[in-house]
Amino acid sequence: MEPRRADFGTTLARYLSSKITRQLIGAITAFLRPRLLTPELFGVWTLLKLIPQYASYAHLGARTTLRVFYPWHLARGEGERAESLVSGAILTTLALDALVAIALLLLALDGHQDDALRLGLVAMAGVVLLQAWHHTAFAALKARHRFDLIGRTNYLESALLLITTLALLPTLGFPGLLLSLLITEAAVGVLLWRQAGIVPRWPRRPLGLGGEMIRRGWPIMSLELAMMLVVTADRVMAWVLLGTGALGHYGVAVMIVGFLRNIPGTAREILEPRLMGELADADRNQLLREHLLRPALNAAFLMPLLIGPVALATPLAIDWLLPRYQEATVPTQILACGVHFLALALVLRSLVVAFEQQRRAALLVPLVLVCEGLSAWLAVGLGWGLPGIAGASVLGFALLFMLFQRTLRPQLDHLEHRERRQLDWIWPLFTLNGALIWALSLLPLGHGPVATALRILVHVVLFLVIHRLARPRLALLSPLPWRRLLRLRR
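Source: prediction; values computed, not measured.

**Quick word on the overall build of the chain**
Of the regular secondary structure elements, the chain holds 19 helices and 0 strands. Burial analysis of the chain (490 residues in total) assigns 53% to the buried set. Counting contacts in the chain only where the partners sit at least 6 residues apart, residues at least 24 apart contribute 83% of the total. Of the roughly 21700 Å² that the chain leaves accessible, carbon and sulfur atoms contribute 65%.

**A closer look at the packing of helix 12 (residues 329-354) against helix 17 (residues 426-442)**
Closest axis-to-axis distance for the helix 12/helix 17 pair is 11 Å, and the angle between their directions is 165°. The orientation of helix 12 relative to helix 17 falls into the category roughly antiparallel. The hand of the helix 12/helix 17 crossing is right-handed. Where helix 12 approaches helix 17, its residues Q333, C337, H340, F341 and L344 are matched on the opposing element by I426, W427, L429, F430, G434, I437 and S441. Among the residues forming the contact of helix 12 with helix 17, the class breakdown is 8 nonpolar, 4 polar and no charged.

**Observations regarding the nonpolar core**
With 136 residues, the main nonpolar core has L66, M124, F174, L292 and F404 as its most contacted residues. The residues touching F174, leaving out its near neighbours within four places in the chain, are L37, L41, V44, W45, L48, A116 and L169.

**Comments concerning the pattern of salt bridges**
In this structure the tally under the stated criterion is 6 salt bridges. Here R409 and D413 are joined by a salt bridge, their closest N and O atoms 3.3 Å apart. Look at D413 and you get partly exposed, because its relative accessible area is 42%. Where D424 meets R421, a salt bridge forms, and the shortest distance between an N and an O atom there is 2.5 Å.

**Overview of the packing of helix 6 (residues 115-143) against helix 7 (residues 147-172)**
Two numbers describe how helix 6 lies on helix 7: the axes approach to 8 Å, and their chain directions differ by 145°. Every residue of helix 7 that contacts helix 6 at H134, F138, L141 and K142 is listed here: F147, L149, I150, T153, N154 and E157. Looking at the contact of helix 6 with helix 7 residue by residue, the classes come out as 5 nonpolar, 3 polar and 2 charged.

**Regarding a nonpolar patch on the surface**
On the surface, a nonpolar cluster with roughly 850 Å² of combined accessible area is contributed by W239, V240, L241, L242, W377, L378, L382 and W384. Secondary-structure elements contributing two or more residues to the nonpolar patch are helix 9 (206-242) and helix 13 (358-381). Examining the composition of the nonpolar patch, we find that 4 residues originate from one element, helix 9, more than from any other. The class of L241 is partly exposed, set by a relative accessible area of 32%.

**What about the environment of R349?**
Its place among the elements puts R349 in helix 12. In this structure the C-alpha to C-alpha distance between R349 and L223, which are 126 residues apart in sequence, comes to 8.5 Å.

**Topic: the confidence of the model for the chain**
Here the chain averages 84 in pLDDT, while 88% of its residues score no lower than 70. This model gives residues 1-6 a pLDDT under 50, and the stretch forms 11 contacts once residues within four places in sequence are excluded. Contacts of residues 483-490 to residues separated by more than four positions or lying in other chains number 8 contacts, the stretch itself having pLDDT below 50.

**So, the packing of aromatic side chains**
The relative placement of two aromatic rings is captured by the distance of their centres and the angle of their planes. Under the counting rule described, the total for this entry stands at 7 aromatic pairs. Both rings, one in W133 and one in W193, keep their centres 5.5 Å apart while their planes meet at 65°; by these two values the pair is edge-to-face. Note that W133 is positioned in helix 6 and W193 in helix 8 (residues 174-195), a separation of 60 residues in sequence. Among the residues examined, W193 registers a relative accessible area of 52% and is labelled exposed. By way of ring pairs, the aromatic residues F341, F401, W427 and F430 are connected into one cluster.

Conventions used here
Residues numbered from 1 in each chain as written. Predicted model: local features only at pLDDT ≥ 70, side-chain atom pairs only at ≥ 80, totals over all residues. Heavy atoms only, no water. Helix = DSSP H or I, 4+ residues; strand = E, 2+ residues; numbered from the N terminus. Buried < 20%, exposed > 50% of the residue type's maximum accessible area, 1.4 Å probe, protein only. Contact = heavy atoms within 4.5 Å. Areas by Shrake-Rupley, 256 points an atom, 1.4 Å probe, with all protein chains shown as cover. Axes fitted to C-alpha atoms, helices over the stretch in contact; angles between N-to-C directions. Parallel < 35°, antiparallel > 145°, perpendicular 65-115°, else oblique. Left-handed = near helix turned anticlockwise from the far one by under 90°. Nonpolar A, V, L, I, M, F, W, Y, C, P; charged D, E, K, R; others polar. Core = buried A, V, L, I, M, F, W, Y, C linked by side-chain atoms within 4.5 Å. Salt bridge = Lys/Arg side-chain N within 4 Å of Asp/Glu carboxyl O. Patch = residues over 30% accessible without salt bridge, like charges linked within 9 Å, V, L, I, M, F, W, Y side chains within 5 Å. pLDDT = per-residue confidence, 0-100. Phe/Tyr/Trp six-rings, centres within 6.5 Å; stacked < 30°, edge-to-face > 60°.

Here it is in structure tokens:
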């Protein structure tokens, strides 16, 4: 039986709280890695971490079908059909990810890699198999709105990864880092097996069910895969154009900004199943207001309140914690500003899927990838190095948002002009945020704790004032969520 649904704001706040805790603990773990590894080894680690990300799409859409269509079937009273998707997703994903793991082991047997990369490939084969179960169980839990268990899993994963990293990385070095990841993934898998209540049943036609789920999910997953390539292409370009050492520095920038990137993704994880469940009987214009205009407008106003402090605190954080990685400072600030458009693109992506425009969007996303790659190549050729690659990544995010907005143009045209105009705030807010971060960074105050706190205070106060002044003029702009978060803490 599906648990009673809490309101969206409360569910989001609680789930986001678990992910923020995970990110805060994960930040400690993440900072340990570059401190105890050379830039070259940290570059290898950054490259290896891409493997599970890419392998998470080996299911070819089966897991996407579970996540998207489970609530869709439930809304139509097709409970048995919805439950069959769980077994189909688990079996199909495990089978396909096993092929990926075998390919990684065969690649590790090739004698052309150095020892660290070869050992990493073997470890990632195990991680891919463990994450096949982990991610599929999460997809089922999200479809069932079981964010409580996902939240507990987040706490376990972050705490155990920190403990094992502290124990194994200083003593075993790079192999200890790989072992800590394997231990953590195995423990998470056991927890989900014991508490998720997911018992896969062998279907009568496993190949037929798997094939059907791939056919239904591939168009949606192809869009997710294309987006992931846009988001991660900067790391590949840094490695190809500048080498493993430069990738190690750039990996620090990606690590810091990862906290910001997870926030809009968390909101989408909760909002999208609800959106698909409401498609059966909701008015289209109301869907656009509640699932596109409102979250996009709130993201445009709220993200600067997160981006600014992260970007302005970066020089101090790197100087104190990772003094060997000073080259990561400017790329981190640039990437942080780009999260503004990534957050908005994630909001629009859900509506692209809901209105079945994913095929059209997926065919055009490679153009964004080409523009991003050419921009990075040109920037490196001009001598801009890692900041140039970060700028190319921000361009990719902005183009992705513009592509999704263009794809949804026919649907948006049905809304009143006054409502559509509220999205015009997106560009000036991005420009103001970037210009303010740049101007505050140039103030001759130094980068000590007091100067950093002063910069952050000025930035936050200014955007709080803007939010306060804009609320009476924008009907879809929600109040700040501080009171709700305080109630949850009590």
